[in-house]
Amino acid sequence: MERLTGLAYRWLAPPGTDFRWFVILWVAAVSSLSIAAFYGCAVRLIGPAPALAACAAYGLSWAAQSNEIASYRLETLGLPLIFASLACSAALLDSKTRRPHAWGATSTALLLAAFASWHFTRFYLATSLLATGLAYGRTRDRRLFLAAAYDATAGILAFLLLPSARESSYDHVYGLFFAKLAHGLRHPADPALLSPIQRL
């Protein structure tokens, strides 16, 4: 997000533009793309009118306005990319789509870009693979298999090409979770049984 913001300021901003004001407008513009991507996904699933209502509810929600439009965060770019990837997956799953592989490849590229911008993308990928895998197990629909395959390809490419995808930003969360399980969701009598991070 930082690099993209810098390039946009260099290429798009008129000379003398205050950088702070440019960033405010840039964040609003980029984060608003998530609404368009959300509509692209929803219209495939529930139709135009309900999709518009869903987008209005999302765009006016506290979560959307506080976490995206009103702030400069990693998900400002990550969420539009994830929603756009999900919209491409929805197009792939549509039986009326004539070029499912083109939609699948586009979904992979967008998801790979999301991996580069937001580490939380891995949790979306895990959820998507689980959902499509379970659905395929029940229906044996070839398009569900393709959707899962393209998502898995994005994950593999991210692991191979992006050092950030191989790093875990949630080691403390995982460690605390397994420590809670090991001690029956209770604090052990001896604090030495927990690592310094787990004690926090």
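Residues numbered from 1 in each chain as written. Predicted model: local features only at pLDDT ≥ 70, side-chain atom pairs only at ≥ 80, totals over all residues. Heavy atoms only, no water.

Participant: Describe a nonpolar patch on the surface, with residues and values.
Facilitator: Taken together, the side chains of Ile156, Leu157, Phe159, Leu160 and Leu161 define a hydrophobic patch exposed on the protein surface, amounting to about 500 Å² of accessible area. Checked against the element boundaries, Leu157 lands in helix H8 (residues 142-161). (Patch = residues over 30% accessible without salt bridge, like charges linked within 9 Å, V, L, I, M, F, W, Y side chains within 5 Å. Areas by Shrake-Rupley, 256 points an atom, 1.4 Å probe, with all protein chains shown as cover. Salt bridge = Lys/Arg side-chain N within 4 Å of Asp/Glu carboxyl O. Helix = DSSP H or I, 4+ residues; strand = E, 2+ residues; numbered from the N terminus.)

Participant: Explain the packing of helix H5 (residues 75-93) against H8 to me, and be specific about the residues and the numbers.
Facilitator: The N-to-C vectors of H5 and H8 enclose an angle of 155 degrees; their axes lie 9 Å apart at closest approach. By the criterion of interaxial angle, the relationship of H5 to H8 is roughly antiparallel. Classified by chirality, the crossing of H8 by H5 is right-handed. Note on element contacts: H8 touches H5 through Arg143, Leu144, Leu146, Ala147, Tyr150 and Asp151, opposite Ser89, Leu92 and Leu93. Split into classes, the residues belonging to the contact of H5 with H8 amount to 6 nonpolar, 1 polar and 2 charged. (Axes fitted to C-alpha atoms, helices over the stretch in contact; angles between N-to-C directions. Parallel < 35°, antiparallel > 145°, perpendicular 65-115°, else oblique. Left-handed = near helix turned anticlockwise from the far one by under 90°. Contact = heavy atoms within 4.5 Å. Nonpolar A, V, L, I, M, F, W, Y, C, P; charged D, E, K, R; others polar.)

Participant: Requested: an account of the state of the cysteines, with residues and values cited.
Facilitator: According to the stated counting rule, one finds 0 disulfides in the structure shown. Looking at the unpaired Cys41, the closest cysteine sulfur is the one in Cys55, lying at 9.3 Å. By relative accessible area, which is 10% here, Cys41 ends up buried. (Disulfide = S-S within 2.5 Å. Buried < 20%, exposed > 50% of the residue type's maximum accessible area, 1.4 Å probe, protein only.)

Participant: Any details on the packing of aromatic side chains? Residues and values, ideally.
Facilitator: Aromatic rings in a pair are described by how distant their centres are and how their planes are angled relative to each other. Throughout the structure, instances matching the rule amount to 9 aromatic pairs. Taking the centre distance of 4.9 Å and the plane angle of 90 degrees together, the rings of Tyr9 and Phe19 count as edge-to-face. Of this pair, Tyr9 sits in helix H1 (residues 2-12) while Phe19 sits in helix H2 (residues 19-46), and the two are 10 residues apart along the sequence. Overall, Tyr9 belongs to the partly exposed group, its relative accessible area being 28%. Since its relative accessible area comes to 42%, Phe19 is described here as partly exposed. In textbook terms, an aromatic cluster arises when at least three aromatic residues are bridged by ring pairs, as seen for Tyr9, Phe19, Phe22 and Trp26. Between the NZ or CZ atom of Arg44 and the centre of the ring of Trp103, over which it lies, the distance is 5.6 Å. (Phe/Tyr/Trp six-rings, centres within 6.5 Å; stacked < 30°, edge-to-face > 60°. Lys NZ or Arg CZ within 6 Å of the ring centre and 35° of its normal.)

Participant: Before we move on, could you go through the confidence of the model for the protein and cite the residues and values that matter?
Facilitator: Do not read the fine detail of predicted coordinates wherever pLDDT is low. The predicted model of the protein has a mean per-residue pLDDT of 83, with 86% of residues at 70 or higher. Per-residue pLDDT, averaged within each element of the protein, yields its smallest value for helix H11 (residues 196-199) (62) and its largest for helix H6 (residues 100-117) (93). (pLDDT = per-residue confidence, 0-100.)

Participant: I'd love a proper account of the environment of Leu144, names of residues and values included.
Facilitator: Within the secondary structure layout, Leu144 lies in helix H8. Along the chain, Leu144 and Leu129 lie 15 residues apart, while their C-alpha atoms are 9.9 Å from each other. Leave out the neighbours within four places in its chain, and Leu144 touches Leu93, Thr132, Ala135, Tyr136 and Thr139.

Participant: Describe the environment of Trp26, and please don't skip the residues or the numbers.
Facilitator: If you trace the backbone, Trp26 turns up in helix H2. Separated by 21 residues in sequence, Trp26 and Thr5 place their C-alpha atoms 7.5 Å apart. Look past the residues within four positions of Trp26 in its chain and what remains in contact with it is Met1, Leu4, Thr5, Ala8 and Leu12. For Trp26, the side chain forms a polar contact with the side chain of Thr5, separated by 3.1 Å. (Polar contact = N/O pair within 3.5 Å; in protein donor to acceptor, adjacent residues only side chain to side chain.)

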